[in-house]
Amino acid sequence: MRDSLVAAAFQLFLERGYEQTTVDEIVALAGVGRRSFFRYFPSKEDVVFPDHERCLAEMNDFLGDSSGEGGEGEGGADDPVARVCDAARVVLRMYAENPTFSVQRYRLTKKVPGLRTYELSVVWRYERALAEYLRGRFAGRRDGTLRADVIAAAVVAAHNNGLRSWLRSDGQSDATAEVDHALAHVQQVFGSAPDPDPDPDPVGPVQRPTGKSAKRAADDDVVVVISRRGAPMWRVVQEVETALGRDPE
């Protein structure tokens, strides 16, 4: 019944246009009553996005799985950034299951501002689910909430970029490759970054770079000095001059 309503709706949307199609016309073509339509779909907009509630539930189940099993990207529970990237692939699979329908919906959504607004609200729910998971993983860290929100937004943006590249190809390109390529940028930026835990009172001697960093520092006269908070300026200057190999005056 549900699939029949979706098929009838899209047939009419393509023939007459979304805004010109009524719920009565959809149920008439599907051979059911209005009550049957609203049993499955609260509104006409919902029939355009019939699988998102199921997909959101699957994503939350995936994020809530504490077994640490990774998805396509093999991101275990110990790597929160890889984990949310794999969660985004749950959404990708929903689109890739039916390329023809996904491309039709993409074209329809581009033409109807109201559907675009509805789609943005759906995307926000995915982003919120990712952010809530990351907030739990980053709890207690400095800027943990900020980091979680930024990464969640980046994952959604990367996923959507790859997904739209596939949709613009009319489903002819490799959807998985497109999204994997985009999500790789997120993992490169955030996945290997050190934990943002604070060091409230850094102390220690002048820090000299080593290896290639030392060569660049030598070539460019760049040094890094770590000094006690509140140290007098003359002491900081003295440490810099010592690091540069100059005799303090």
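Residues numbered from 1 in each chain as written. Predicted model: local features only at pLDDT ≥ 70, side-chain atom pairs only at ≥ 80, totals over all residues. Heavy atoms only, no water.

**With respect to the side chain of E119**
Using the following cut-off: Secondary structure elements are taken from DSSP: a helix is a run of H or I of four residues or more, a strand is a run of E of two residues or more, and numbering for both begins at the N terminus. Contact definition: two residues touch when any of their heavy atoms are within 4.5 Å.
Locating E119 in the fold gives a position in helix 7 (residues 113–137). Residues in contact with E119, not counting those within four places in the same chain, are F49, Y95 and T109.

**A short note on unusual backbone geometry**
Put simply, the rule is: Partly exposed describes any residue whose relative accessible area lies between the buried limit of under 20% and the exposed limit of over 50%, with all areas from a 1.4 Å probe on protein chains only and scaled to the type maximum.
Its identity as a non-glycine residue notwithstanding, D143 has a phi of 60°, on the positive side. Mapped onto the secondary structure, D143 falls in the loop between helix 7 and helix 8 (144–168). For D143, a relative accessible area of 48% gives the class partly exposed. With phi around 60°, D170 is a residue other than glycine that occupies positive phi space.

**Concerning the environment of D78**
In this fold, D78 is placed in the loop between helix 4 (52–64) and helix 5 (80–96). As for D78 and R137, which are separated by 59 residues in sequence, their C-alpha atoms are 9.4 Å apart.

**Quick word on the environment of R105**
By the element assignment, R105 lies in helix 6 (residues 99–111). Of the residues examined, R105 reaches a relative accessible area of 3% and is grouped as buried. For the pair formed by R105 and L167, sequence separation is 62 residues and the distance between their alpha carbons is 9.6 Å. If sequence neighbours within four positions are ignored, R105 has contacts with F10, V48, F49, P50, H52, M94 and Y95.

**Some details on the nonpolar core**
Soluble globular proteins tend to bury their nonpolar side chains together. Short version of the rule: Put simply, buried Ala, Val, Leu, Ile, Met, Phe, Trp, Tyr and Cys residues joined by side-chain atoms within 4.5 Å make one nonpolar core.
If you look at the biggest cluster of nonpolar residues, it comprises 41 residues, and the most contacted ones within it are L130 and V155. Breaking this core down by element, the ones donating at least two residues are helix 4, helix 5, helix 6, helix 7, helix 8 and helix 9 (175–191). A per-element tally of this core places helix 5 first, with 10 residues. Look past the residues within four positions of L130 in its chain and what remains in contact with it is M59, L63, V84, A87, A152, V155 and V156. Formed by 21 residues, the second largest nonpolar core is a distinct cluster that contains L5, F10, F13 and V32.

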